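Structure at a glance
Okay, here's what each chain looks like letter by letter:
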Amino acid sequence: MLTTVPAQGPATGPAPAPAPTRTLLLNASGEPLCVVTMHRAVVLVMTGKATVLESEGRVLHSAREQIPLPVVLVLTRYVHVPSRRPVPPTRRSVLQRDDHRCAYCGGGADTVDHVHPRSRGGRHEWTNVVAACARCNHRKADRTLAELGWELPSRPRAPRWSFTVGGAAARTEPAWSRYLVA
Ligand SMILES: [Zn+2]
């Protein structure tokens, strides 16, 4: 039986954020492999197959040991993975790469924008698509960033992962982001 308690501080502080229920598993090389349930993550740590790279503030108590609640795990041994086809830039995968944040205003995004408009020769590829909110997408229309005087916070890139994380509405955990983009 596993229970979670805050790692530190009295119980009188602000209510803790809900514990993550999924953990990003990295190969020993640092390449993202897959997303595992918290239960599976704990088993991997307890059996010595993985170590905790990033943890949430809380600690899992089992009968014998204490484990920081894992958010990102790394395998202790490299596993060979046959090359997988890269994920194409779909609405879902682009929103996932950009953590559902609009590239132009930083607000919540639920659309995908072609930075260089498709109507003007922009291609549908990872380096030309960003998550955008409907408002910015509408304002931008078929204009270029130069015409609008807008800038991107960073250059869009293909994600490192070759899998899609979770279900249709799934979001990545913020702590995963630096492992998921090359
Ligand atoms: Zn926006």
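Now for a look at the structure at hand. In this text, all values refer to a predicted model and were calculated from it rather than measured experimentally. (Residues numbered from 1 in each chain as written. Predicted model: local features only at pLDDT ≥ 70, side-chain atom pairs only at ≥ 80, totals over all residues. Heavy atoms only, no water.)

1. Regarding the overall build of the protein
- The number of helices and strands found in the protein is five helices and seven strands.
- Within the protein, buried positions represent 40% of all 182 residues.
- Partitioning the contacts of the protein with sequence separation of at least 6, the portion at a separation of at least 24 is 62%.
- Of the roughly 10,700 Å² of accessible surface on the protein, 54% is carried by carbon and sulfur atoms. (Helix = DSSP H or I, 4+ residues; strand = E, 2+ residues; numbered from the N terminus. Buried < 20%, exposed > 50% of the residue type's maximum accessible area, 1.4 Å probe, protein only. Contact = heavy atoms within 4.5 Å. Areas by Shrake-Rupley, 256 points an atom, 1.4 Å probe, with all protein chains shown as cover.)

2. Details of the coordination of the zinc ion
- All of the protein donors around the zinc ion are Cys102 (SG), Cys105 (SG), Cys133 (SG) and Cys136 (SG); their distances to the metal are 2.3 Å.
- Ordering the donors of the zinc ion by residue number gives the pattern C-x2-C-x27-C-x2-C. Taken together, the residues Cys105 in the loop between α2 (91-97) and β6 (111-114) and Cys133 in the loop between β7 (129-132) and α3 (134-140) connect sequence positions 28 residues apart.
- Residue class for Cys105 comes out partly exposed when judged on its relative accessible area of 47%.
- Its relative accessible area of 11% is what places Cys133 among the buried residues. (Donors = N, O, S within 2.8 Å, 3.2 Å for Na, K, Ca; no water.)

3. As for the packing of aromatic side chains
- Summed over all chains, the structure comprises one aromatic pair.
- Measuring from ring centre to ring centre gives 5.1 Å for Tyr104 and Trp150, while their planes differ by 50°; the resulting arrangement is tilted. Highlighted residues: Tyr104 in the loop between α2 and β6 and Trp150 in the loop between α4 (145-148) and α5 (177-180), separated in sequence by 46 residues.
- Residue Tyr104 is classed as buried on the basis of its relative accessible area of 15%. (Phe/Tyr/Trp six-rings, centres within 6.5 Å; stacked < 30°, edge-to-face > 60°.)

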